[in-house]
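# Reading the structure
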Amino acid sequence: MTDIFPNTTLPLSPDLFPTGWTRVLAENAAFRIEAFRFSTGVEGLKVANRRGMITVLPYLGQMIWDAEFDGRSLAMGNAFAAPRHGASILETYGAFAYHAGLLRNGTPGPEDSHALHGEMPVATMDSACLLLGQDDAGSFVEISGQVEYVMGFGAHYMARPRIRLRADSGLMDVEMQVENLSAHPMELMYMLHANFDFVADARIHQPAPFSPTHTQVRKAIPGHVTPSAEFLALLDDLAENPARMAQLSEPDLYAPEQVFYIKGLGVDGQDRTRLAMELPEGGAFSVEYAPRDLPHCVRWILNDGDAQVAAFALPSTCEPEGYTAEKAKGHVRMLAPGEVARFPVTLGYLGAHEAPAVLDEIAKLDKGES
């Protein structure tokens, strides 16, 4: 991995991931890439740059299991010591980010039979590889892969996720590409489910008002939540006063979970929007994407004894109420035969020296100044 060979592809295979020790696949002044296997048998790929690292599961839905930059962990608190193989995301709910969907998404309603967030989160990838390269923005490492889904008399697609990390950045480019290989139109529901850590007193910045019109609390009660009278009263209050959650100064507010839909986000000259969560110690978590690709923005916050997560910006093609409800809303996208859909998102960590400029830019987007 040198500048003499600026773009080098390294195909991966499961036998490169040892049990009980770590294999270094590549190393230079900018990156160190290690392959290993969790105690549960799941393959792990650790990619470290000058500021931190990400841990990717290249054969399990290409989840980003963990991320840490400048000494700050980005990932949600959870009960899973290691990722696990399973039939749904519920059996391994500890990832920093995963691809939700693709044929079905959200929490299944009474008339739904699909798994929570669909088949893609725990899909067994057919292949995976590394790309070590350079472009106008500098050197990078990219993890990619693909998985073919085919069902007799049903859907047939190819999913191609990728993650790109640069040498001196706490941000990563994450993209899902979906190609409909069928001769028939295909239903598509996608969300990048980025589960950032819950940080008490953090402040959420969004290019839209914290008003009932633009920051709408979910009033529907999912099946896994048993509402109390106090919880229902809180929903009523948040519906009128969503600014109450602009700062996470009431940690007990989020047990059970709270979900919001963010509407009318401002965009820049490239039609991209950005949201951030400013941390009390400085720095911020960040999510940037184009609403033309992902027209819905969901916020999910949970802080209890089992999980601590502030998913402050989940870019999506739909809301998370399950297939039947989203179909009725007109939120299920149709992909024509041979059509390819791309969902690029940039997310991660901004250091204390980087965050102020981004927070200022978000404020300008909210006022329509950029």
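To keep things clear, this report deals only with the structure shown in the data block.

Cut-offs and rules
Residues numbered from 1 in each chain as written. Predicted model: local features only at pLDDT ≥ 70, side-chain atom pairs only at ≥ 80, totals over all residues. Heavy atoms only, no water. Core = buried A, V, L, I, M, F, W, Y, C linked by side-chain atoms within 4.5 Å. Buried < 20%, exposed > 50% of the residue type's maximum accessible area, 1.4 Å probe, protein only. Helix = DSSP H or I, 4+ residues; strand = E, 2+ residues; numbered from the N terminus. Contact = heavy atoms within 4.5 Å. Expected span 1.5 Å × (residues − 1). Arc of directions from axis to C-beta. Salt bridge = Lys/Arg side-chain N within 4 Å of Asp/Glu carboxyl O. Polar contact = N/O pair within 3.5 Å; in protein donor to acceptor, adjacent residues only side chain to side chain. Pairing = 2+ DSSP bridges. Phe/Tyr/Trp six-rings, centres within 6.5 Å; stacked < 30°, edge-to-face > 60°. Lys NZ or Arg CZ within 6 Å of the ring centre and 35° of its normal.

This part takes up the nonpolar core. Residues L45, I54, F96, M172 and M277 are the most contacted members of the largest nonpolar core, which totals 83 residues. Here this core takes 5 residues from strand 23 (residues 340-350), the largest share from any one element. Those residues in contact with M277, other than ones at most four positions away along the chain, are D197, V199, A202, R203, I204, L248, G283, A284, F285, A310 and F312. Among the nonpolar cores identified, the runner-up in size contains 26 residues, and A100, Y261, V298 and L302 belong to it.

Positionally, E319 belongs in the loop between strand 21 (308-316) and helix 2 (323-329). Each residue touching E319, except ones within four places of it in the same chain, is listed here: Y261, K263, H296, E326, K329 and H331.

Another point: helix 1 (residues 229-240). With 12 residues, helix 1 should reach 16 Å at 1.5 Å per residue; the first-to-last C-alpha distance of 17 Å fits that figure. Among the residues of helix 1, F231, L234, L235 and L238 are the ones counted as buried. When helix 1 is viewed along its axis, its buried side chains cluster within an angular range of 105° and face the same direction. Among the exposed residues of helix 1, those pointing more than 90 degrees away from its buried face are A229 and E240. Considering only its buried residues, helix 1 is in contact with strand 16 (215-217) and strand 17 (258-262).

Summed over the entire model, instances satisfying the criterion amount to 30 salt bridges. With its nearest N and O atoms 2.9 Å apart, the salt bridge here joins E175 to R342. Of this pair, E175 sits in strand 12 (residues 171-180) while R342 sits in strand 23; the two residues are 167 residues apart in sequence, bridging distant segments of the chain. Looking at E175, the relative accessible area reads 2%, which means it is buried. Note on R342: relative accessible area 43%, which makes it partly exposed. When the shortest N-O distance is used, the salt bridge between K329 and E326 registers 2.8 Å. Of this pair, K329 and E326 both sit in helix 2, separated by 3 residues, roughly a single helical turn. Judged by relative accessible area, K329 falls into the partly exposed class, the value being 37%. Assessed through its relative accessible area of 0%, E326 is described here as buried. Overlapping salt bridges bring together D135, E142, R162, R164, R166, E175 and R342 as one network.

Relative to the elements of secondary structure, T273 occurs in strand 18 (residues 273-278). Engagement of the side chain of T273 in a polar contact is seen with the backbone oxygen of G266, the distance being 2.7 Å. Beyond its immediate sequence surroundings of up to four residues, T273 is in contact with P207, L265, G266, V267, V287, E288, Y289 and P291.

Before going further, it helps to examine the pairing of strand 5 (residues 52-57). Where a strand is regular, its side chains alternate between the two sheet faces. When you tally the buried positions in strand 5, you get 6 out of 6 residues, the bulk of the element. Judged by which residues are buried, strand 5 turns out to be covered on both faces: G52, I54 and V56 on one side and M53, T55 and L57 on the other are all buried. Two strands pair when backbone bridges link them, and strand 4 (residues 43-48) and strand 5 are joined in this way by 4 bridges, in the antiparallel orientation. Bridged to L45 within strand 5 is V56. Where strand 4 folds back on strand 5, the antiparallel hairpin that results is connected by 3 residues. Sheet topology places strand 5 next to strand 6 (residues 63-69); 6 bridges connect them, and they run antiparallel. Considered in strand 6, the bridge of L57 is made with M63. The antiparallel pairing of strand 5 with strand 6 creates a hairpin that spans 5 residues between the two strands, and G61 there sits at a positive phi of about 65°.

Now for the packing of aromatic side chains. As enumerated under the stated definition, the model contains 11 aromatic pairs in all. When the centroid spacing of 5.7 Å and the interplanar angle of 90° are considered together, the rings of Y93 and Y98 count as edge-to-face. For the pair formed by Y93 and Y98, the shared burial category is buried. The rings of F96, F196, F285, F312 and Y349 are connected pair by pair, giving a single aromatic cluster. Over the face of the ring belonging to Y323 we find R104, whose NZ or CZ atom lies 3.7 Å from the ring centre. Across from the ring centre of F140, 3.6 Å away, lies the NZ or CZ of R164, which sits over that ring.

Inspection of the secondary structure puts D66 in strand 6. Considering only alpha carbons, one finds D66 and G283, 217 residues apart in sequence, at a separation of 18 Å. For D66, the contacting residues outside a window of four places in its chain are M53, I54, T55, S73, A75 and F96.

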